[in-house]
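As a plain string of letters, each chain reads:
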Amino acid sequence: MDDPTLSNQRNQSAPATPRLNLPSRMSDSSFHLENVPSRSMHINRLLNSSYNSSPSRTIYSDRFIPSRSGSNFALFDISNSPTSAEGKEDGSGTYHSLLRAALFGPDTPDKKDPLGPPASRNIFRYKTETKRPLHSLSPFGLDESVPGISHSPVKAPRKVPRSPYKVLDAPALQDDFYLNLVDWSSNNVLAVGLGNCVYLWNACSSKVTKLCDLGIDDSVCSVGWAQRGTHLAVGTSNGKVQIWDASRCRRVRTMEGHRLRVGALAWSSSLLSSGSRDKSIIQRDIRAQDDFASKLSSHKSEVCGLKWSYDNRELASGGNDNKLFVWNQHSTQPVLKYCDHTAAVKAIAWSPHLHGLLASGGGTADRCIRFWNTTTNTHLSCMDTGSQVCNLVWSKNVNELVSTHGYSQNQIIVWRYPTMSKLATLTGHTYRVLYLAISPDGQTIVTGAGDETLRFWNVFPSPKSQNTDSEIGASSLGRTTIR
């Protein structure tokens, strides 16, 4: 029955408004419909909970709203009592609180949205058999600053074995910072210069082969595998570079050009670069009859580090003059010069992950690893390692690198780039760790020192899984001799 007072006020301007069929416990104020001159007034009345009308008034509508009196509230874990929601926060409120904390911080006051949903629970809500953690409601994941939320366990950092899985005796392995006597081929064969001989160790079969003997008047100063195939370059103390076919143990040719020992070698396809104590770098095309194509003479002391970039466009050279130079394929003068190191620069490594990213390490008086962007010609960062940096190599599987060190700690460090946080520090060598090479699968490194040992370490994960052991690392721990 209509309210007589309200009916008398409105019967002159508009006919009686139909009433919604609502449960007795719900107020019809939020659903009151009538003809109003303005659409905005109609919306405001729908949203304004303070708008009151007579509860005895009957309103009819063409919209069906089911009565909740017959609903099974226990099925949805919701009480039919209007006071059941008091004292505990509903799911929507929890979500809004988490969202507000994620966007504006945990100290943001809880402001009630006047246009937001009513505080009562919605019956049409899914009930899950297992309760979801509160942080799963946040669209931004975990936030440690939000109190009262249990977080899922953080993934443990990758563990690097602290001991080598294999040790090889390497008699007569020289303790000379300026030499490069160890290299690992794409065919999984390790080349080592011992005295005046070069030995090959097959990582799959552990077979040792003597490749060459330079004689009593000469000695091996550097070895370097071609990027593909079985050709090995050998730099000698007499200033010559020999090319050997390792598959047939046969010398292909001997090239001259240097006056003093050749301590650094770097391949770029068929182009071979050699650095010498005579301060020069010689570029050689092994397909041509001439011994060399060009000579680069910008260093003021012995060239002890050489590395081509992965795209074969840039050559980085380091010398005992504390300089780091970058050359292109056709330049006779360095296109970039870096003079920040205060000691000899032997350790050089190009990143396989980012074009133009170059790492370099200085000797005893410097002890720093520096990073350069050769594309923009900028110095990116510097890390003081506390000891002589002898070698650097990047992982091709993850954005990490390894450095080997001499005075005074003789350690091997695995770094995560770009944070330069230490993943592991490996010890075992009793002399400077002067030699370093990485396996073709990118998981294993081999280190050599003046203690006449070669040690094999599993330091990097495989490209597919961090828990997969490499083919090389599957061998059991043992100690043999490479001769």
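Residues numbered from 1 in each chain as written. Predicted model: local features only at pLDDT ≥ 70, side-chain atom pairs only at ≥ 80, totals over all residues. Heavy atoms only, no water.

As a reminder of what qualifies: UniProt positions are given in the numbering used here, feature names are shortened, and annotations may be inferred rather than shown by experiment.
An unreviewed UniProt entry annotates the protein as CDC20/Fizzy WD40 domain-containing protein of Hibiscus sabdariffa. Comment text from UniProt for the protein, heading Sequence similarities (unreviewed entry), reads "Belongs to the WD repeat CDC20/Fizzy family."

Here's the deal with the sheet that holds strand 15 (residues 314-319)
We count it as follows: DSSP-based pairing: two strands are paired if at least 2 bridges between them are found. Helix numbering and strand numbering both begin at the N terminus, where a helix is a DSSP run of H or I of at least 4 residues and a strand a DSSP run of E of at least 2. To get an axis, a line is fitted to the C-alpha atoms, and for a helix only the part in contact is used. The angle between two axes follows their N-to-C directions and goes from 0 to 180 degrees.
Taken together, the 4 strands give an open sheet; going across it, the order is 14-15-16-17, and neighbouring strands pair in antiparallel fashion. The sheet terminates laterally at strand 14 (303-308) and strand 17 (336-338), the two strands that pair on one side only. Taking the axes of each pair of neighbouring strands and ignoring which way they run, one obtains an average angle of 20° across the sheet. Looking at chain direction, strand 15 and strand 16 (residues 324-328) are connected through 5 bridges and run antiparallel. Within strand 16, the residue paired with Glu314 across the bridge is Asn328.

Quick word on the pattern of salt bridges
Counted only if it meets this: The term salt bridge refers to a side-chain nitrogen of Lys or Arg lying within 4 Å of a carboxyl oxygen of Asp or Glu. A simple rule labels every residue: compare its accessible area, found with a 1.4 Å probe on the protein chains alone, to the largest value its type can have, and call it buried under 20%, exposed over 50%, or partly exposed in between.
According to the stated counting rule, one finds 11 salt bridges in the structure shown. One salt bridge connects Lys240 with Glu256, and the closest N-O pair in it is separated by 3.9 Å. One end of the pair, Lys240, is in the loop between strand 7 (231-236) and strand 8 (241-245); the other, Glu256, is in the loop between strand 9 (250-255) and strand 10 (262-268), and 16 residues separate them in sequence. Classification of Glu256 as partly exposed rests on a relative accessible area of 43%. In this structure, Arg253 and Asp291 form a salt bridge, with 3.7 Å as the shortest nitrogen-oxygen distance.

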